[in-house]
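Structure assessment
What follows is each chain in one-letter form.
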Amino acid sequence: MLLRTTHKTRLSYSSLIGETVMELRMAPRHERNQHRLAFDLAVGPATEVRSYFDWLGNTVHVFSIGGFHDAIEIVATSVVQTTARPGLIEKLVDIFPLGPLDDYALADYLRFDMLVCDSPALTDFVQKLRPRGEARLAEVVGQIMAAINRDFTYQGGVTNAASPVSEMLGHGRGVCQDFAHLMIATLRKLGVPARYVSGYIHAGRQSYRGAAQSHAWCEVYFPSAGWLPFDPTNNCMVGEHFVKVGLGRSYRDVPPHKGVFRGFADENIAVEVLTEELPEVSNRSVGERFTPLGIPVYRQSARGAALRWALDEQVQQQQQQQNADRPVTDKIR
Amino acid sequence: MFDSYEMDGLFDEMFEKPGVPRQFYQLVHQRLITLGAGALAQRRRMADLCFRNQGITFTVYKDTAGVEKIFPFDLVPRLIPAVEWSTIEEGLVQRITALNMFCHDIYHRQSILREKIIDPELIYGAKMLRREMMGVNVPRDIYIHICGTDLIRDAQGRYLVLEDNCRSPSGVSYVLENRAVMKRVFPALFQNARVRAIEDYPHNLLCALKHISPRPSETPCIVVLTPGVFNSAYFEHSFLARQMGVELVEGRDLLVENNFIYMRTTTGLKRVDVIYRRVDDDFLDPLCFRPDSFLGIPGVMNVYRMGNVALANAVGTGIADDKAIYPFVPDMIRFYLRQEPILPNVPTYICARAADRQYVLEHLHELVVKPTNEAGGYGMLMGHQATAAERGEFAERIKSEPRNFIAQPVVQLSQHPGIVDSHFEGRRIDLRPYILCGQRVTVMPGGLTRVALKKGSLVVNSSQGGGSKDTWVLEEEDNA
């Protein structure tokens, strides 16, 4: 499937800010079942964008904006070719519980952190799902995914990007990030390595939860086959209409954007994600490019009086984090 | 004045046996006796005045009596003969070389884990492992540019390594100041005793920092990054900046623009090449590490990763001074250098290992238990002095977080005479030499000799009420 994704982010501020530094994790991964044919990144105010691979192999774009500004716009457009892996799950021979793991680095995907955290509620939840004796791992994973999908209500605005999995276990509601975190936590509790994936889902004519916004799901480690993706929000194996962007231990490793700026300002985030299936991709559009967007920067004299913070030393704010399928204007502070 | 001096069956630095000073101490011993109590007391007042006038202080956290303190100083110098020193020096060079190779290995190929020399669980479970550094190349592959290694001597006088401080070891400013004061108070003694000079340390430090500049052809802009005036080592930060002739800055003085670091100056922004940072990893970059930090520079990690700024020490060296990794340093030396370690470790039990933990829990009354990631002697249990309740509390903590603790047998540190009122008494000491890794490895001759000020106490940390004395490494000829 040939998929084009356009991910627009607009951050606007109630007053001028300065010295923004930002990191973006918006470029789809280039992997066995997903080829990145094109990636265009447009950022305004105009600045130099550089990129590197982080320790998880995600492409990170970084930039800074020195002048005073009250808006930042980011448009990431990608074209990926995805391939499905039908019938794989039925062939898996792995048995639960898993024996000793061959790769010590998998320990990172068995550990709890601030979001994928252990709690008495998790113990209870896992207790109900724990198979007695041996079972096929693929079946166990399928049952966990189905149970999460069945027992929890998909609802926006209840949790936020910083919500630990214990919150959803408490009130039973959340969005794809919470669903993914819960599935990861459950599997880790059972000694099965699991990790977090951020990306997009293309609904086409079907109705998927999490379409037209950032989506999230998880990958489970099968010793015989490696990492395989599952989407607890939609109770399905991840197929060719998914675009994989970031890979991490939890959401904390892969926020689409993350930034720090100086200034006193309220922040408003507007996010739009559009996915479409392309019949073909022209040679001209293949590749990677950066484009500046015409968002203004101001010199201090433009609004002098409003800039008293420039003299204040302790004015440094974190940008809010947009999380997967969150209502686009939710406010944390 | 030495009449009532007790050896207590310990290893004494000055005396071979009661009343008989070691040969290389004879000059100092003679001089102390000749001076007599009155003159010594007077010189002591001179020294105290020097320290107070120069504002040589340190800060003790959680002390209600007052934050900034004068670092207690003992006038009697500690002497190390040239032969002894050359072994120490060799051992330290060997050690920092292996530790640097270890850091590079952990953040790249991890052959020491693949070869099963170290249990990967210990590395991956370490708080100080910086995954963000995986695959990042640091300038000239040096991670630990400045190292302070704590040495102690056991009852036989053997030098043992107690710990390596690979993050931002402090104390070197006191070594330099102690020496300056001693020179003023005992000018004649210095001339006769042939003491090796240490005054080139700031110069060597500057060279080590220049060595990693991303713009080697130009005169690099180097800064010392301090967390600020409330930090316990602020005096040292300002001292070293002044001695090196570089700017002392706080995080808010620096900023990232277009993938370079700039310093705000009265004449506009100036590009910074090397940051000698005395801010912990956690607080260094709110974008990468703790988001609530105001002490760092947002985005500095990205600039660092691109090679546009150098940091000393590198990010992630905490993995090398984790106390649960420390027991493996001799193995690292064998693995990376194919040499036998010159300086031995203190035997250590790793509570993360079931068998070790069992032993520790059964022998708490005779062990020293230390948290794996604290410095400055905070959070320790001295098993033989603790109450049963304290031991019980520690046992629970060890059981619930075994990875966070190690235990060691009590080592009876060597003692050294110090002035108490108008006579001499033995006090326990250790030694922290400072090692610089630049174009080559240089070890400052001597280092910080820390003194436990209470009789019988084994805790020498300045934060726990320890003092210091000048350390004299003697030149070769004296021992020929």
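Residues numbered from 1 in each chain as written. Chains lettered and ligands numbered in written order. Predicted model: local features only at pLDDT ≥ 70, side-chain atom pairs only at ≥ 80, totals over all residues. Heavy atoms only, no water.

1. Some points on the overall build of chain B
A tally of regular secondary structure across chain B gives 13 helices and 24 strands. Computed over its C-alpha atoms, the radius of gyration of chain B comes to 23 Å, within 12% of the 23 Å expected for a compact globule of 480 residues. By its C-alpha atoms, chain B is 70 × 60 × 50 Å across when sized along the principal axes. Taking as baseline every contact in chain B between residues at least 6 positions apart, the subset at least 24 positions apart corresponds to 68%. Of the roughly 19,200 Å² of accessible surface on chain B, 49% is carried by carbon and sulfur atoms. Separation of charge centres in chain B, based on 55 positive and 58 negative side chains, amounts to 2 Å. (Helix = DSSP H or I, 4+ residues; strand = E, 2+ residues; numbered from the N terminus. Rg over C-alpha atoms; globule rule 2.2 N^0.38 Å. Contact = heavy atoms within 4.5 Å. Areas by Shrake-Rupley, 256 points an atom, 1.4 Å probe, with all protein chains shown as cover. Lys, Arg positive; Asp, Glu negative; His and termini not counted. Charge placed at Lys NZ, Arg CZ, Asp CG, Glu CD.)

2. A look at the overall build of chain A
Each helix and strand in chain A was counted, giving five helices and 18 strands. A globule of 333 residues ought to have a C-alpha radius of gyration of about 20 Å, and chain A, at 21 Å, matches this closely. Overall size of chain A, expressed as C-alpha extent along the three principal axes, is 75 × 50 × 40 Å. For chain A, the share of sequence-separated contacts (at least 6 apart) that also reach a separation of at least 24 residues comes to 79%. Total accessible area computed for chain A in this model is approximately 14,000 Å², and 50% of it derives from carbon and sulfur atoms.

3. Remarks on the pattern of salt bridges
Within the structure shown, the criterion is met by 48 salt bridges over all chains. Residue R271 of chain B pairs with D273 of chain B through a salt bridge whose shortest N-O separation is 3.8 Å. Of the two residues, R271 of chain B and D273 of chain B, both sit in the buried class. Between D281 of chain B and R277 of chain B there is a salt bridge, with its nearest N and O atoms 2.7 Å apart. An identical accessibility class is assigned to D281 of chain B and R277 of chain B; each is buried. When salt bridges that share partners are traced, they join R29, E31, R195, E219 and K244 of chain A into one network. (Salt bridge = Lys/Arg side-chain N within 4 Å of Asp/Glu carboxyl O. Buried < 20%, exposed > 50% of the residue type's maximum accessible area, 1.4 Å probe, protein only.)

4. So, the domain arrangement of chain B
Taken domain by domain, chain B consists of domain 1 (1–118 + 146–196 + 329–346 + 413–480) and domain 2 (354–409). Of note, the centres of domain 1 of chain B and domain 2 of chain B, computed from C-alpha atoms alone, are 26 Å apart. (Domains from an automatic or database assignment.)

5. Regarding the confidence of the model for chain B
With 95% of its residues at a pLDDT of 70 or more, chain B shows a mean pLDDT of 91. Our summary of model confidence lists the complex with pTM equal to 0.92 and ipTM equal to 0.89. (pLDDT = per-residue confidence, 0-100.)

6. Here's the deal with the confidence of the model for chain A
Taken as a whole, chain A shows an average pLDDT of 88; of its residues, 91% reach a score of 70 or greater. Note that pLDDT drops below 50 for residues 324–333 of chain A; the model gives that stretch 35 contacts with residues more than four away or on any other chain.

7. Side note on the sheet that holds strand β11 (residues 260–265) of chain B
Hydrogen bonds between backbone atoms are what pair the strands of a sheet, whose relative direction is either parallel or antiparallel. All names here are of chain B. Across the sheet, three strands lie side by side as β10-β11-β12; this open sheet has antiparallel pairing. The open sheet is flanked by β10 (254–257) and β12 (268–271), the only strands paired with a single partner. Between one strand and the next, the sheet's axes are offset by a mean angle of 45°, whatever the strand orientation. Taken together, the four bridges between β11 and β12 define a ladder with antiparallel strand orientation. Along β12, the bridge assignment pairs Y262 with R271. (Pairing = 2+ DSSP bridges. Axes fitted to C-alpha atoms, helices over the stretch in contact; angles between N-to-C directions.)

8. What about the nonpolar core?
Residues and elements named next belong to chain B. One finds F102, I123, I261, I275 and M332 to be the most contacted residues of the largest nonpolar core, which totals 88 residues. Three or more residues apiece are contributed to this core by two domains, here domain 1 (1–118 + 146–196 + 329–346 + 413–480) and domain 2 (354–409). If we skip the residues at most four places from it in the chain, M332 touches A98, L99, F102, I112, I118, I325 and L337. By size, the runner-up hydrophobic cluster in this structure holds 58 residues, among which are F51, I146, L176 and V181. (Core = buried A, V, L, I, M, F, W, Y, C linked by side-chain atoms within 4.5 Å.)

9. Notes on the packing of aromatic side chains
Two descriptors summarise a pair of aromatic rings, namely the distance from one centre to the other and the angle between the planes of the rings. Inspection of the entire model under this criterion finds 24 aromatic pairs over all chains. For the pair W217 of chain A and F242 of chain A, a centre-to-centre distance of 5.0 Å together with 80° between the ring planes defines the contact as edge-to-face. Here W217 of chain A, found in strand β11 (residues 215–222), pairs with F242 of chain A, found in strand β14 (residues 242–248); they are 25 residues apart in sequence, far enough to count as distant. Residue W217 of chain A is classed as buried on the basis of its relative accessible area of 1%. What makes F242 of chain A buried here is its relative accessible area of 3%. Note on F190 of chain B and W472 of chain B: the rings are 4.7 Å apart at their centroids and 55° apart in plane angle, and the pair reads as tilted. (Phe/Tyr/Trp six-rings, centres within 6.5 Å; stacked < 30°, edge-to-face > 60°.)

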